[in-house]
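# Structural overview for review
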Amino acid sequence: MDKVVIKCKGNPDISLFGGMSTLAILTAIGIGFITIGNLASIITGLVLILISLFVLSRSIRWVKFSKEITIKYFIGKTKSVDYSQCKKMYKANDGMIKAPINVLKYDDNGRERKITFACDDSMLKEICDNFFNGFTPKCR
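As a starting point, this report considers the structure included with it.

What counts, and at which threshold
- Residues numbered from 1 in each chain as written.
- Predicted model: local features only at pLDDT ≥ 70, side-chain atom pairs only at ≥ 80, totals over all residues.
- Heavy atoms only, no water.
- Pairing = 2+ DSSP bridges.
- Helix = DSSP H or I, 4+ residues; strand = E, 2+ residues; numbered from the N terminus.
- Salt bridge = Lys/Arg side-chain N within 4 Å of Asp/Glu carboxyl O.
- Buried < 20%, exposed > 50% of the residue type's maximum accessible area, 1.4 Å probe, protein only.
- Core = buried A, V, L, I, M, F, W, Y, C linked by side-chain atoms within 4.5 Å.
- Contact = heavy atoms within 4.5 Å.
- Expected span 1.5 Å × (residues − 1).

## Examining the pairing of strand β7 (residues 111-118)
Summarising the sheet, strand β6 (residues 101-108) and β7 pair through 8 bridges and their orientation is antiparallel. For I101, the partnering residue across the bridge sits in β7 and is A118. Adjacent in sequence and paired antiparallel, β6 and β7 are bridged by 2 residues, among which N109 carries a positive phi angle near 55°.

Here it is in structure tokens:
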């Protein structure tokens, strides 16, 4: 029997908007530095743009739960994690704006990594029932 496929966002909409706005401003400042034209400003502008691209490449677009956990990042990368690698799951409602963020920690070749995803409680219950034997994460 095939298991259901559940797809969740990587971040809540408000966090995504704030983060992407910040990256756009940082990139625009970098481009502004490059247009000044001297060597120091060009290097500073390139560093700012590279920082923006690095942060964007580490941001999760969506997480899909099916036969394995599939993570899609904003810049082209896709990663798969087996359920046997998962160690902990908890809910994190920190920050200035409370948002339904869930964290799944897993072992990646001896290093502990984490996946953050956003979904409401009913979808989280469905994920836990179908893929984690009914385990329900608690708020941390």
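## A word on the pattern of salt bridges
Pairing is possible between side chains that carry opposite charge, provided their charged atoms lie close to one another. Under the counting rule described, the total for this entry stands at 6 salt bridges. Here K91 ties to D121 by a salt bridge, and the two come within 2.6 Å at their closest N and O atoms. Of the two residues, K91 is situated in strand β5 (residues 86-92) and D121 in helix α3 (residues 121-131); the sequence distance between them amounts to 30 residues. Put simply, D129 and K125 hold a salt bridge, and the shortest N to O gap is 3.1 Å. Of this pair, D129 and K125 both sit in helix α3, 4 residues apart, which is roughly one turn of that helix. By relative accessible area, D129 is classed as partly exposed at 40%. Its relative accessible area of 52% is what places K125 among the exposed residues.

## A closer look at the nonpolar core
Ranked by size, the top nonpolar core spans 22 residues in total, and within it F65, I69, L104, I115, F117, I127 and F132 carry the most contacts. Put simply, the parts of the chain that give this core at least two residues each are β1 (6-9), β2 (60-65), β3 (69-73), β5, β6, β7 and α3. In this structure I127 touches I6, C8, F65, F117, C119 and F132, once residues within four positions along its chain are discounted.

## What about helix α2 (residues 39-58)?
Spanning 20 residues, α2 covers 29 Å between terminal C-alpha atoms, matching the ideal 28 Å at 1.5 Å per step. Regarding α2, the residues found buried are S41, G45, L48, I49, S52 and S57. Residues of α2 that are buried in the fold lie against α1 (13-36) and β3.

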